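# Observations on chain architecture
Letter by letter, the chains look like this.
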Amino acid sequence: MLIGRPGCSSPHSPKFWWKLRTCLPNKKVAAALRTVSTGQAQQRSPRRSILFFAESFTRPLPRLDSPFGMADQKGTKRSSVESDAQESKRIKTDERNNPYLAHLNMDGANDGFKSPLDDMERHSTTALQAAKAEDSDVNPWTGKPHSENYFKILRTRRDLPVSKQRAEFLELYHKTQILVFVGETGSGKTTQIPQYVLYDELPHQTGKLIACTQPRRVAAMSVAQRVADELDVELGQEVGYSIRFENRTGPKTLLKYMTDGQLLRESMHDPNMSRYSCIILDEAHERTLATDILMALLKDIAHRRSDLKIIVMSATLDAQKFQSYFSLRKEDPPAPLLAVPGRTHPVEIFYTPEPERDYVEAAVRTVLQIHAVEPEGDILLFLTGEEEIEDACRRISLEVDDMVRESDAGPLAIYPLYGTLPPHQQQKIFDKAPASFRKGGRPGRKCIVATNIAETSLTIDGIVYVVDPGFSKQKIYNPRSRVESLLVSPISKASAQQRAGRAGRTRPGKCFRLYTEKAFKKELIEQTYPEILRSNLSNTILELKKLGVEDLVHFDFMDPPAPETMMRALEELNYLACLDDDGGLTKLGSLASEFPLDPALAVMLISSPEFYCSNEILSITSLLSVPQIWIRPNNNRKRADEMKAQFAHPDGDHLTLLNAYHAYKGAEQNGEDVKKWCHEHFLSYRHLSSADNVRAQLKRIMETNEIELVSTPFNNKEYYTNIRRALLAGFFMQVAMKESSNSKIYKTVKDDQMVMIHPSTVVSSPYDWVVYNEFVLTTKQYIRTVTNIRPEWLLEIAPVYYDIDTFEKGEIKSALTRLTEKVKRRQAMKGGR
Amino acid sequence: MSATNNRPAQGEEEEEDDYMSPLFLAPPTTSSSVPIKESSLQRRLRLKREAEARGRPKSKAELAQEAELQREKAHSTSLLSSKPQSKGLAMMAKMGFKPGSTLGSSTSGSAEPIRVSIKEGKEGIGLESERKRKLRELVENMEKTEKKQKVEAVDYRERMRKEREEQRLEGQIRGAQKVAEGLDTDRSKEKGEDIQKKLLRSLPVLWRGLVKAREENERDKRMRRDLEQHAMSRLPTYDDEDEDNDDKKALGKKQTVYEMSEDLDEEDKELDEFNGLTAEEKLKRLVDYLREEHHYCFWCKFQYPDEKMEGCPGLTEEEHD
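All figures in this text were calculated on a predicted structure; none of them were measured in a lab. (Residues numbered from 1 in each chain as written. Chains lettered and ligands numbered in written order. Predicted model: local features only at pLDDT ≥ 70, side-chain atom pairs only at ≥ 80, totals over all residues. Heavy atoms only, no water.)

## Things to note about the pattern of salt bridges
Using the following cut-off: Only one rule defines a salt bridge in this text: a Lys or Arg side-chain nitrogen within 4 Å of an Asp or Glu carboxyl oxygen. Helix numbers and strand numbers start at the N terminus; a helix is a DSSP run of H or I with at least 4 residues, a strand a run of E with at least 2. Each residue is placed in one exposure class: buried if its accessible area under a 1.4 Å probe, protein chains only, is under 20% of its type's maximum, exposed if it is over 50%, and partly exposed if it falls in between.
Within this structure, the stated rule accounts for 61 salt bridges over all chains. Its salt-bridge partner being Glu572(A), residue Arg482(A) comes within 3.8 Å of it at the nearest N-O pair. Residue Arg482(A) is found in the loop between strand E14 (471-478) and strand E15 (483-490), and its partner Glu572(A) is found in helix H22 (residues 563-575); the two are separated by 90 residues along the sequence. Residue classification places Arg482(A) among the buried positions, given a relative accessible area of 15%. Relative accessible area serves as the criterion here: at 10%, Glu572(A) is assigned to the buried category. Two residues, Asp581(A) and Lys87(B), come together in a salt bridge whose shortest N-O distance is 3.8 Å. Of this pair, Asp581(A) sits in the loop between H22 and helix H23 (587-592) while Lys87(B) sits in helix H5 (residues 87-94), on two different chains.

Here it is, written out as structure tokens:
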């Protein structure tokens, strides 16, 4: 894997945006991880259509078709070879008949230039031919001469373990429709396999692209950049990437890296994935929700489209599951497997003799002992979250100072690593370890204290020692209480092995597990539960409905979720009016699926014009889709709170977010230095500007779907009330009622969970009823981002959900009953007048 | 409350107890039976107390416990049987779902959602189960000792006598083993063999246990000393380049080879079998062995010159009285 290796990083690619997909306690935030600034990207990839002709002179085989336009819809019944042959013929004839291009053929004849790709026949190329094409002086994809750097990179590429098996890979690829490829981290599969496919698919002949999915947006971006460098093309041209809110592909694009979620969204409008001739699902072992759904969809499409090739790539050796899943028909043998060994060294594993009382303490101690007695080599310590990591870093650095003073220890540089860390600080982990204080003294080294983002997604060279306390934060969802939270949980055996493997990247290493061997064998589960078993599925179910999947119950999940999870999702979508009582997709549901948002947020946004505040709700939705914009540094909490109080609206955190955003935009309009302004006001410029960008994208979708953008005049006294009411249109299922007037305890509606308002709130006098954005489960149960509401609004805005007969006996039911009577009386009085 | 008030023993403490009530003499009723009428005074007091309990702000621990209880309650009730039936379930039923089955095309799906378990504190993996195991052992032991005590109370004296007898026998066995070891060693020295160099397994089973216990004891001591000296080097891989052989020896790091202990940890069925015998039987075998091999009478404490063993009164201890 190349992600994060300094050699392939470019300063402008927001490389470290993998953002706490796993570390932030909120699916909305996680969703926001997929957001990245596009403005900058689009500037960097100017539309090249005007230059097209000029460039074509040097192109050996100009692409005349749009990559999306030539979808071979009719040809699905023909055999692939036949259809391809016909199609390429058609292109060639078209080319000759095109009077505008007549000069091209002449030029080609005059030059005598012959592209190495001309000799190659699609789906029967050899590794030798491909190597020859790669070695040629002229880039077969652009027609331009290869740069010097290209050949330098080419040499290192040929050294990769996967390179030795290129011929074997092609042979297998030609023979089968679906292939399972196993290559450990470091084998080069993510960058090389798509290129091998490129030289075999010859997409310029068919007009069909090759797609390679990645679970993380950072990976998609950085790998695309790397592969563009390796092919000596410009990123966004022949090689591009597409992630949520950012598309860097062009008409010439042949190979496209994308997040799995992005391919899933694309498939909603192209259920046969007809624009692709080969789809590669990378990192399938991570079993993200989107990859799982894609596997099921692709399995289905493979029946219909025999010309579509599928490669499932995994980094772990338990590939049988994929193989047997991808045997298309019952009688078929399992999908063939190709395995490439990674470049790894042996790792010695040590266990503690007794279970640890405090794993953070034990981890700090172990790091110090390694530093004191082990030979040279960097240390990687896995902990669970920001707070814990910062705490451990502090403790280690204090102790090391003493060690240096008292016992002649070498220098130790300590770097934290977690998703909310600003990119420039994340980049530091690639700094060289400090040198020893004096020649022949104890070695200097660096110690990286990281969350499990360091487990698979990035490679740090030089790590020789891994300290593994055995925990990570994992998303968990339980449909019974509708709790969705990130909880510290023991890792799986597979995860522990992956962590240990990190020590053997550069030379033989050691892994210190802070638990007993018995605990490893008895207490750790075999595999981490796939995300689909740990997630709220309402978004997924909506997507599947949009894709036209009728029978969700028998949908071919690789690991089917619990029935109750699906039941909850259907129920929620029904309450949101996205599905009718028969499970059919409603107009609203269809519209909601157009937004890359959770259904509740999408519905809130779509219904906001009814409350005369769609502009404001659009801003709030964007702000809820990015990580926390508030910054509260440990050493300056009081000042940060004072600053936040400036924006505070007494009735709600949602309104406070909006105020902060308006102030930010105001500062921007006044021509202030926005970065400085943000810094002074303890706001995150990074997250505010990405919210701004998300807002622009969502606005475009609203405009396309003709959703009005309106506002209540600011000096109207209903301005904030309208917004509070509009929040309920999407979040009426996330409401809590105060237990008694002098208590701080709230009870969530229908689920009856006891919660408190998160201390970060600005709501000064909480009402009896509040709407909340998320339920946070730690050792306490909190609701976060809270706004005061009036219970009458609930009856009015969500009468079906607040039908009293559906409530269980209790305080909430009696409160609602009293309320209904009051409302009735009032109406009767009005009517009587 | 009223039930307890009617118990005379406790009634004394309760000032408001109504001694004139006919209920005072009635046998105490369990709370599950017909509710007892409470007087207006009692009622007022009860309501007051209840109101106080309600009004009192709950402690954090209580709140946490209550919240956890609510959560556990929610997590342990399946939604599939909830009333009224969920619309989501109705939709699934239309697609052919039957309660009790799983989703997906095969039957491999999970039927239950993954449990939410909240980790408190920073305890390492395995600590909780270790603690539970220890607690369980403690309880089991307590049960065992309780049982024992019941039996023992009956014939305490008999048990004490037996114990004393056993102790005496054990002492005699150890004595006999020592004598046997001494005699055997002497004899093998005469033959020119060095019995000390032999493996544990090759020693006569009769006194092998003695040597084994000694060896184990010694090894423990050695390890404890090693551990104390290496408190600094807890990592199992510790190896300081600066130390030369002398340092290592001085620090006790250089491993000294104990020949006898090589097979110390190996399983020894023969020995186990021997140890399984009763004390009387063990002693008898030892005494017989000494007599046959060395013409030594354990009871006379004398090694006779020939196998006739003239002057020895007999085989048993009693005969020597």
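## Things to note about the packing of helix H8 (residues 166-175) of chain A against helix H9 (residues 189-201) of chain A
Residue and element names in this part refer to chain A. Where we set the bar: Between the N-to-C directions of two axes lies an angle of 0 to 180 degrees, each axis being a line fitted to C-alpha atoms and, for a helix, fitted only over the stretch in contact. Reported orientations rely on four angle classes, namely roughly parallel under 35 degrees, roughly antiparallel over 145, roughly perpendicular from 65 to 115, and oblique for the rest. Crossing handedness follows the turn of the near helix against the far one: under a right angle anticlockwise gives a left-handed crossing, and clockwise gives a right-handed one. Note on contacts: a residue pair is in contact if any heavy atoms of the two residues lie within 4.5 Å. Charged residues are taken to be Asp, Glu, Lys and Arg, nonpolar residues to be Ala, Val, Leu, Ile, Met, Phe, Trp, Tyr, Cys and Pro, and polar residues to be all remaining types, Gly included.
Where H8 contacts H9, the axes come no closer than 11 Å and their chain directions differ by 60 degrees. Taken together, the axis directions place H8 and H9 in an arrangement best described as oblique. In this structure, the crossing between H8 and H9 has a hand that is right-handed. Contact with H8, carried on its side by Arg166, Phe169, Leu170, Tyr173 and His174, involves Ile193, Gln195, Tyr196, Val197, Tyr199, Asp200 and Glu201 of H9 and no other residues of that element. Grouping the constituent residues of the contact of H8 with H9 by class yields 7 nonpolar, 2 polar and 3 charged.

## Remarks on the nonpolar core
Residue and element names in this part refer to chain A. Defined as follows: What makes a nonpolar core is a set of buried Ala, Val, Leu, Ile, Met, Phe, Trp, Tyr and Cys residues whose side-chain atoms join them at distances within 4.5 Å.
If you look at the biggest cluster of nonpolar residues, it comprises 145 residues, and the most contacted ones within it are Phe595, Trp769 and Tyr802. No other element matches the 10 residues that helix H13 (residues 289-304) contributes to this core. Not counting the four nearest positions on each side in its chain, tryptophan 769 is found in contact with Val735, Ala736, Met737, Val749, Thr787, Asn788, Ile789, Pro791, Leu794, Ile812, Ala815 and Leu816. By size, the runner-up hydrophobic cluster in this structure holds 43 residues, among which are Leu202, Cys212, Tyr257 and Ile280.

## Looking at the sheet that holds strand E21 (residues 781-788) of chain A
Residue and element names in this part refer to chain A. Put simply, the rule is: A pair of strands counts as paired when DSSP detects no fewer than two bridges linking them.
Pairing in this closed barrel of 5 strands is mixed, and the strands run E17-E18-E19-E21-E20 around the ring. Neighbour to neighbour, the strand axes of the sheet diverge by 50 degrees on average, direction disregarded. By the bridge criterion, 7 bridges tie strand E20 (residues 769-777) to E21 in an arrangement that is antiparallel. Bridge pairing in E21 links valine 770 to asparagine 788. Across the face of the sheet, helix H30 (residues 719-731) comes into contact with strand E17 (735-738), E20 and E21 while running at roughly 50 degrees to E20.

## Observations concerning the pairing of E14(A)
Residues in a regular strand point their side chains to alternate faces of the sheet. Residue and element names in this part refer to chain A. Summarising burial for E14: 6 of the 8 residues are buried, a large majority. The pairing of E14 with E15 spans 8 bridges and is antiparallel. Bridge assignment links phenylalanine 471 to a residue of E15, and that residue is proline 490. Taken together, E14 and the strand that follows it, E15, pair antiparallel across an intervening segment of 4 residues, in which arginine 482 is found at a positive phi of about 55 degrees.

## Overview of the interface of chain B and chain A
Formally: Put simply, buried area is how much 1.4 Å-probe accessible surface two parts lose in total, over both of them, once they are put together.
Taken together, the contact between chain B and chain A spans 56 residues of the former and 71 residues of the latter. Approximately 5,800 Å² of surface area, both sides summed, lies buried where chain B meets chain A, with 65% of it carried by carbon and sulfur atoms. Counting the surface chain B buries against chain A, the share from its top three residues, Met95(B), Ile114(B) and Ile125(B), is 14%. In this assembly, chain B and chain A are joined by 4 salt bridges.

## Concerning the pairing of strand E3 (residues 239-243) of chain A
All names here are of chain A. For E3, a buried count of 5 out of 5 residues is recorded, marking the element as mostly surrounded by other parts of the structure. The alternating pattern of E3 places Val239, Tyr241 and Ile243 and Gly240 and Ser242 on opposite faces, both of which are buried. When E3 meets strand E5 (residues 255-259), the two strands line up parallel, connected through 4 bridges. Across the sheet, glycine 240 pairs through a bridge with lysine 256, a residue of E5. Where E3 and strand E4 (residues 246-248) come together, 3 bridges link them in antiparallel fashion. Paired with isoleucine 243 across the bridge in E4 is glutamate 246. Hairpin connection from E3 to E4: 2 residues lie between these consecutive antiparallel strands, with phenylalanine 245 at a positive phi of about 70 degrees.

## Observations concerning the packing of aromatic side chains
The description of an aromatic ring pair uses the distance of the two centres, along with the angle that the planes make with each other. All names here are of chain A. Basically, it comes down to this: Side-chain rings of Phe, Tyr and Trp (the six-membered ring for Trp) are treated as a pair once their centres are within 6.5 Å; stacked means planes under 30 degrees apart, edge-to-face means over 60, and tilted covers the remaining angles.
Inspection of the entire model under this criterion finds 23 aromatic pairs over all chains. Where phenylalanine 169 meets tyrosine 173, the ring centres are 5.6 Å apart and the plane angle is 20 degrees; that geometry is what we call stacked. Taken together, the residues span about one helical turn, with phenylalanine 169 and tyrosine 173 both in helix H8 at a distance of 4 residues. With respect to burial, phenylalanine 169 and tyrosine 173 carry one shared label: buried. Here phenylalanine 714 and tyrosine 720 contribute two aromatic rings whose centre-to-centre distance is 6.1 Å and whose plane-to-plane angle is 75 degrees, an arrangement assigned as edge-to-face. Judged by relative accessible area, which is 56%, phenylalanine 714 ranks as exposed. Using a relative accessible area of 18% as the deciding quantity, one classes tyrosine 720 as buried. Among the aromatic side chains, those forming a connected cluster through ring pairs are Tyr575, Phe732, Tyr801, Tyr802 and Phe807.

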